Amino acid sequence: MKTLFLQAPSFDGFDGGAGSRYQAKREIKSFWYPTWLAQPAALVPDSRLLDAPADELSVEQTLRIAEGYELVVIHTSTPSFPTDAKFAELLKARNPTILIGMVGAKVAVDPTESLIASAAIDFVAREEFDYTCKEVADGHPFKDINGLSYKLADGRVRHNPPRAMIENMDDLPFVAPIYKRDLTIEKYFIGYLKHPYVSIYTGRGCRSKCTFCLWPQTVGGHRYRVRSAENVLAEVKWIKENMPEVKEIMFDDDTFTDFKPRVEEIARGLGKLGVTWSCNAKANVPHETLKVMKENGLRLLLVGYESGDDQILHNIKKGLRTDIARRFTEDCRKLGIIIHGTFILGLPGETRETIEKTIRFAKEINPHTIQVSLAAPYPGTSLYKQAVENGWLVENEAVHLVNDKGIQLASISYPHLSKEDIYHGVERFYRSFYFRPSKIGEIVKEMMVSWEMMKRRLREGLEFFRFLHAHES
């Protein structure tokens, strides 16, 4: 079938790319690559990947493109599902013969309710959906496709057996050629990455058991299945040769640094290719591995610190202590590795005191930039189950993770700590961290490096102040 893989239109600045954990409007407008859609698009010949938010396409413009296809696969999430379902209904009204399916964590954990939510949704693909989508596009009968849930003629929902996890990750085709073919890479920007950048995965799954993290608990699993170093380096080489404008490659695996010998092998290969790169990392990578990475082109690490309180880290099964994180951060500083640190407010065990403790911790370790999120109890996660069982969250309110403008909302409240206290902690965190003479001096110094950086930081600064204003209102 003539197939479109679609990231549907949304509100301005919606960080809903398939690579993002928390689909919300960020403090600085950001777009991740829709990698989870690019992968099945690479498996389906002559398909197209369309990312409407990044391309700033309206609903009407997107409908005009989509109505010419036979099969449309929409990536959805808990916050975006209502508008994604509405888009599916508008599309079906334009062309009733179009087959419309949805993929993503939301439909993976709640396939029945997702299907009955709208008559326009014909099927949903659970688990890892790459080959499920390919088999649908190839015209296989629905009853024969593992990992598929769909409606029968009488309206009942049928769930086929689950699809086995992909074991040989090298079997998957590269996603970079799909980026080049279908996307405008200049539209993708992240405040802490060089522009333009490209992000890819070198594996799937995460061995960590963090209770809040969506993807390992819903789609990717807790076994880290990886591509060979040779395969990863071959895609990087393709990017270098075919996308010479790319200034940085981001490896978006949840914990790219888990297998130290493999990371060091890839790093040495990247050094030979002469590319600048960044990756996600847990705050426990040993100095010797960090040194190999830095000597071979590593520029930045995206590090989930989450909290400055050890009890909270224990509560969320982070598998990390603040003393280890401090040592890791100091090692990075000595080696010249930049850190973008992420933190979460409102996790189990949070109090007014622990919020202030985390703010002090962030200022002490002083990552170059930070991102502060609110605890997001996505259905399918341990955090969601725990919140419902303890009365911190009313079950049918789980969809209210963002407001109508895309600003993330505090969903969890505790007897001793209200949603409002947690929500306004984000603004206080940002102000306390960034409005320090030393941090302002760092940013000004960075702006002096180039006119391009000056323009970029001024734009981001304007967006940042708008974000703070939205949080105040």
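Below is a summary of the structure that appears in this document. The model shown is predicted, which means the values in this text are computed figures rather than measured ones. (Residues numbered from 1 in each chain as written. Predicted model: local features only at pLDDT ≥ 70, side-chain atom pairs only at ≥ 80, totals over all residues. Heavy atoms only, no water.)

**Digging into the pairing of strand β12 (residues 277-281)**
Burial of β12 is extensive: five of the five residues sit out of reach of the surface. Neither face of β12 is left uncovered, since the one carrying Trp 277, Cys 279 and Ala 281 and the one carrying Ser 278 and Asn 280 both have all their residues buried. For strand β11 (residues 248-251) and β12, the ladder comprises three bridges, and the chain directions are parallel. Within the sheet, the bridge partner assigned to Met 250 lies in β12 and is Ser 278. Following the backbone out of β11, through helix α11 (residues 260-273) and into the adjacent parallel β12, one traces a crossover that is right-handed. (Buried < 20%, exposed > 50% of the residue type's maximum accessible area, 1.4 Å probe, protein only. Helix = DSSP H or I, 4+ residues; strand = E, 2+ residues; numbered from the N terminus. Pairing = 2+ DSSP bridges. Right-handed = clockwise from strand over helix to strand, strands pointing away.)

**Here we look at helix α7 (residues 130-137)**
A large share of α7 lies buried, amounting to six of its eight residues. Looking only at α7, the buried set comprises Asp 130, Thr 132, Cys 133, Glu 135, Val 136 and Ala 137. Gly 139 occupies a position one or two residues after α7 and carries a positive phi of about 90°.

**As for the environment of Thr 257**
For Thr 257, the location among the structural elements is in the loop between β11 and α11. Linking Thr 257 and Asn 280, residues 23 residues apart in sequence, is a C-alpha distance of 7.5 Å. Contacts of Thr 257, omitting those with residues within four sequence positions, involve Val 263, Cys 279, Asn 280, Ala 281, Lys 282, Val 285 and Met 293. (Contact = heavy atoms within 4.5 Å.)

**Quick word on the packing of aromatic side chains**
Evaluation of the coordinates by the stated rule reveals 19 aromatic pairs. A centroid spacing of 6.1 Å and a plane angle of 70° characterise the contact between Phe 256 and Trp 277, whose relative ring orientation is edge-to-face. Linking Phe 256 in the loop between β11 and α11 with Trp 277 in strand β12, this pair joins segments that are 21 residues apart in sequence. The exposure classification of Phe 256 matches that of Trp 277, with both residues buried. In this structure an aromatic cluster arises from ring pairing among Trp 32, Tyr 33, Tyr 179, Tyr 188 and Tyr 197. Lys 106 extends its terminal NZ or CZ atom over the ring of Phe 81, reaching a point 4.7 Å from the ring centre. (Phe/Tyr/Trp six-rings, centres within 6.5 Å; stacked < 30°, edge-to-face > 60°. Lys NZ or Arg CZ within 6 Å of the ring centre and 35° of its normal.)

**Here's the deal with the packing of α11 against helix α12 (residues 287-295)**
Between α11 and α12, whose axes approach to 8 Å, the crossing angle comes to 20°. Judged by the angle between their axes, α11 and α12 are roughly parallel. In this structure, the crossing between α11 and α12 has a hand that is left-handed. Residues Lys 260, Val 263, Glu 264, Ala 267 and Arg 268 of α11 pack against Thr 289, Val 292 and Met 293 of α12. Split into classes, the residues belonging to the contact of α11 with α12 amount to four nonpolar, one polar and three charged. (Axes fitted to C-alpha atoms, helices over the stretch in contact; angles between N-to-C directions. Parallel < 35°, antiparallel > 145°, perpendicular 65-115°, else oblique. Left-handed = near helix turned anticlockwise from the far one by under 90°. Nonpolar A, V, L, I, M, F, W, Y, C, P; charged D, E, K, R; others polar.)

**Comments concerning unusual backbone geometry**
Between His 195 and the following residue, Pro 196, the backbone shows a cis peptide bond with an omega angle of 0°. Looking at the element boundaries, Pro 196 is found in the loop between α8 (176-182) and β8 (197-200). One non-glycine residue with positive phi stands out, namely Asp 46, at about 65°. Mapped onto the fold, Asp 46 is located in the loop between α1 (35-43) and β2 (48-51). Asp 46 gets classed as exposed once you look at its relative accessible area, which sits at 73%.

**What to know about the nonpolar core**
With 120 residues, the main nonpolar core has Tyr 179, Phe 251, Trp 277, Leu 301, Tyr 305 and Phe 328 as its most contacted residues. At seven residues, helix α17 (residues 419-434) tops the list of elements feeding residues into this core. Once residues lying within four places of it in the same chain are set aside, the contact partners of Tyr 179 are Tyr 33, Thr 35, Ala 38, Ile 185, Val 198, Ser 199, Ile 200 and Met 243. In terms of nonpolar packing, the next biggest core, distinct from the first, is built from 22 residues, Leu 50, Phe 87, Met 102 and Ile 121 among them. (Core = buried A, V, L, I, M, F, W, Y, C linked by side-chain atoms within 4.5 Å.)

**Section: the sheet that holds strand β13 (residues 298-306)**
If you trace the six strands from one edge of the open sheet to the other, you get β8-β11-β12-β13-β14-β15, paired in parallel fashion. Across the chains shown, the open sheet's two edge strands, defined by having one partner strand only, are β8 and β15 (369-374). Within this sheet the neighbouring strands show an average axis-to-axis angle of 20°, counted without direction. Here six bridges tie β13 to strand β14 (residues 338-345), and the two strands are oriented parallel to one another. By the bridge assignment for β14, Glu 306 is matched with Phe 343. Taken strand by strand, α17 contacts β14 and β15, and its axis lies near 170° from that of β15.

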